[in-house]
Amino acid sequence: MLINLSNPPSSQWSDNQKVAAIKHYGSIMDTSFPHIDPKARSEQIIELAREYASMITNIASSAKDNTVVHIMGELTFCFTVVTLLQKEGIPCVVSTSERNAIVSN
């Protein structure tokens, strides 16, 4: 199973992305990415990351197949969640995209 902890939900992914995810991971489960206040203290972000890592660990422990987490979002939160999940043996992946930026002078 692929747990999608990112914005947007998998319902907004392209058909190719959904097909590839199901081919590689069997199924997709969306988990809403939390709102991270830019003014939040490190301790608040770490506590939120612990809550999400615990929730994902519980889901993974009851899953019938291997669980992988797709995670994208606020860097401090993501880093902390990934670190905690790696300690539990839960792999994490990220997606990439091509950025089409226009630079003006």
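Residues numbered from 1 in each chain as written. Predicted model: local features only at pLDDT ≥ 70, side-chain atom pairs only at ≥ 80, totals over all residues. Heavy atoms only, no water.

*Asks:* Let's hear about the pattern of salt bridges: which residues, and what values?
*Replies:* Applying the stated criterion to the full structure yields 3 salt bridges. Between Lys18 and Asp15 there is a salt bridge; the shortest N-O distance is 4.0 Å. One end of the pair, Lys18, and the other, Asp15, are both in helix 1 (residues 15-25), 3 residues apart, so they sit about a helical turn from each other. Given the relative accessible area of 24%, Lys18 is considered partly exposed. Where Arg50 meets Glu47, a salt bridge forms, and the shortest distance between an N and an O atom there is 4.0 Å. On the criterion of helical spacing, the pair formed by Arg50 and Glu47 is a turn pair, its members being 3 residues apart in helix 2 (residues 42-62). Since its relative accessible area comes to 48%, Arg50 is described here as partly exposed. According to the relative accessible area criterion, Glu47 is partly exposed, its value standing at 39%. (Salt bridge = Lys/Arg side-chain N within 4 Å of Asp/Glu carboxyl O. Helix = DSSP H or I, 4+ residues; strand = E, 2+ residues; numbered from the N terminus. Buried < 20%, exposed > 50% of the residue type's maximum accessible area, 1.4 Å probe, protein only.)

*Asks:* Residues and numbers for the packing of aromatic side chains, please.
*Replies:* Enumeration according to the criterion identifies 2 aromatic pairs in this entry. Measuring from ring centre to ring centre gives 5.2 Å for Phe33 and Phe77, while their planes differ by 75°; the resulting arrangement is edge-to-face. Placement of the pair is Phe33 in the loop between strand 2 (28-31) and helix 2 and Phe77 in helix 3 (residues 75-87), with a sequence separation of 44 residues. Exposure class is identical for Phe33 and Phe77. Each is buried. Ring geometry for Tyr52 versus Phe77: centroids 5.5 Å apart, planes at 85°, classification edge-to-face. Placement of Tyr52 in helix 2 and of Phe77 in helix 3 is noted, with a sequence separation of 25 residues between them. Residue class for Tyr52 comes out buried when judged on its relative accessible area of 15%. An aromatic cluster is defined as three or more aromatic residues linked by ring pairs; in this entry it consists of Phe33, Tyr52 and Phe77. (Phe/Tyr/Trp six-rings, centres within 6.5 Å; stacked < 30°, edge-to-face > 60°.)

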